[in-house]
Amino acid sequence: ETGVTQTPRHLVMGMTNKKSLKCEQHLGHNAMYWYKQSAKKPLELMFVYNFKEQTENNSVPSRFSPECPNSSHLFLHLHTLQPEDSALYLCASSQDHDGSYEQYFGPGTRLTVT
Amino acid sequence: AQTVTQSQPEMSVQEAETVTLSCTYDTSESDYYLFWYKQPPSRQMILVIRQEAYKQQNATENRFSVNFQKAAKSFSLKISDSQLGDAAMYFCAYSPGANSKLTFGKGITLSVRP
């Protein structure tokens, strides 16, 4: 596999469920990101990790819990979500968390909360 | 706070014609980076073109070029010889650089008529 991969591609979950989104990058990058993409809204940055350390938490509710065990893997653990959390969740990576670097995006996970 | 504005939600272009997508931004920084990202229906977002604010020369990548007007804080994308594969959402993004995050606009949906 090359680039940035995300699993699952689609997820439907109830508000009481616990699920996790997975992201893996095969580019040797040091920074990884989670974004939320809702219809008619700009991409919202959720979390930034650089060398496995969280460098940004953009006031994300605690029902979203990120985990970065190493520079290649990033998880987003979900629990007790709300219907308004339904969106496309995009993972991205870049060489460094310096904003001058290009970010490489995964295909996203389409999440529906029922 | 930095903002990125894409005021046109949709545009359409005839195949082989030229189209310009508009973007304006607000910043008090003198040095920063601007990007155009493309998100086709498959949802994998990719970088189209990148511009460093300290460079006066407009960036070009094959059929894609920008018109960067620093004083006006404008960063438009021109697509020449439009192809059916250019149909996608296009996002303008801004970063002040070091240790900084990307700020995205709401995006514009471009359709290409055969």
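Just above sits the structure.
This text gives an overview of the structure that appears in the document. Remember, it's a predicted structure, so these values are computed and weren't measured experimentally. (Residues numbered from 1 in each chain as written. Chains lettered and ligands numbered in written order. Predicted model: local features only at pLDDT ≥ 70, side-chain atom pairs only at ≥ 80, totals over all residues. Heavy atoms only, no water.)

## A look at the pattern of salt bridges
Residue and element names in this part refer to chain B.
In step 1: With the rule as written, the count across this model stands at 7 salt bridges over all chains.
In step 2: Ionic pairing is found between Arg 63 and Asp 86, a salt bridge with its closest N-O pair at 2.8 Å. Residue Arg 63 is found in the loop between strand E7 (60-61) and strand E8 (64-69), and its partner Asp 86 is found in the loop between strand E9 (74-79) and strand E10 (88-95); the two are separated by 23 residues along the sequence. Take Arg 63 and Asp 86: they sit in the same class, and that class is buried.
In step 3: By sharing partners, the salt bridges in this structure join Arg 50, Glu 52 and Lys 55 into a single network. (Salt bridge = Lys/Arg side-chain N within 4 Å of Asp/Glu carboxyl O. Helix = DSSP H or I, 4+ residues; strand = E, 2+ residues; numbered from the N terminus. Buried < 20%, exposed > 50% of the residue type's maximum accessible area, 1.4 Å probe, protein only.)

## With respect to the interface of chain B and chain A
In step 1: Residue-level contacts link 21 residues of chain B with 24 residues of chain A.
In step 2: Per-residue buried area on chain B facing chain A is highest for Arg43(B), Lys101(B) and Phe104(B); these three make up 28% of the total on that side.
In step 3: Where chain B touches chain A, the interface holds 1 salt bridge.
In step 4: On inspection of chain B and its partner chain A, the count reaches 5 residue pairs in polar contact (both at pLDDT 80 or more).
In step 5: At the level of elements, strand E5 (33-39), strand E6 (46-52) and E10 of chain B are the ones that each hand at least two residues to the side of chain B that touches chain A.
In step 6: Examining the composition of the side of chain B that touches chain A, we find that 4 residues originate from one element, E5(B), more than from any other.
In step 7: Along the lines of polarity and charge, the residues of the side of chain B that touches chain A split into 9 nonpolar, 8 polar and 4 charged. (Contact = heavy atoms within 4.5 Å. Buried area = accessible area lost by both parts, 1.4 Å probe. Polar contact = N/O pair within 3.5 Å; in protein donor to acceptor, adjacent residues only side chain to side chain. Nonpolar A, V, L, I, M, F, W, Y, C, P; charged D, E, K, R; others polar.)

## Focus on the sheet that holds strand E7 (residues 64-70) of chain A
Residue and element names in this part refer to chain A.
In step 1: If you walk across this open sheet you meet the 4 strands as E1-E3-E8-E7, and the pairing is antiparallel. Whereas interior strands pair on both sides, the edge strands pair on one side only; in this sheet they are strand E1 (4-7) and E7. Pairs of neighbouring strands in the sheet enclose a mean axial angle of 20°, with direction left out of account.
In step 2: Here E7 pairs with strand E8 (residues 73-79) via 5 bridges, running antiparallel. Of the residues in E8, the one forming a bridge with Ser 65 is His 77. (Pairing = 2+ DSSP bridges. Axes fitted to C-alpha atoms, helices over the stretch in contact; angles between N-to-C directions.)

## Side note on the nonpolar core
Side chains of nonpolar character tend, in soluble globular proteins, to be buried together.
In step 1: Counting 26 residues, the largest nonpolar core has Leu21(B), Tyr25(B), Trp36(B), Phe75(B), Leu77(B), Ile79(B) and Tyr90(B) as its most contacted members.
In step 2: When contributions to this core are tallied by element, the ones reaching two or more residues are strand E3 (19-21), E5, E6, E8, E9, E10 and strand E12 (108-113) of chain B.
In step 3: In terms of residues, this core owes the most to one element, E10(B), which gives 4 residues.
In step 4: Apart from residues lying up to four places away in sequence, Tyr90(B) is in contact with Gln6(B), Leu21(B), Trp36(B), Tyr37(B), Lys38(B), Val48(B), Phe64(B), Leu77(B), Ile79(B), Gly107(B), Ile108(B) and Leu110(B).
In step 5: In terms of nonpolar packing, the next biggest core, distinct from the first, is built from 22 residues, Leu11(A), Trp34(A), Leu76(A) and Ala87(A) among them. (Core = buried A, V, L, I, M, F, W, Y, C linked by side-chain atoms within 4.5 Å.)

## With respect to the pairing of E12(B)
Residues and elements named next belong to chain B.
In step 1: With burial as the criterion, only one face of E12 is covered, namely that bearing Ile 108, Leu 110 and Val 112; the residues Thr 109, Ser 111 and Arg 113 on the opposite face remain uncovered.
In step 2: The pairing of strand E2 (residues 10-14) with E12 spans 5 bridges and is parallel. Note that in E12 the partner of Gln 14 across the bridge is Arg 113.
In step 3: Two strands pair when backbone bridges link them, and E10 and E12 are joined in this way by 3 bridges, in the antiparallel orientation. Bridge pairing links Met 89 to Thr 109 in E12.

None of this, on its own, says anything about what the molecule does.
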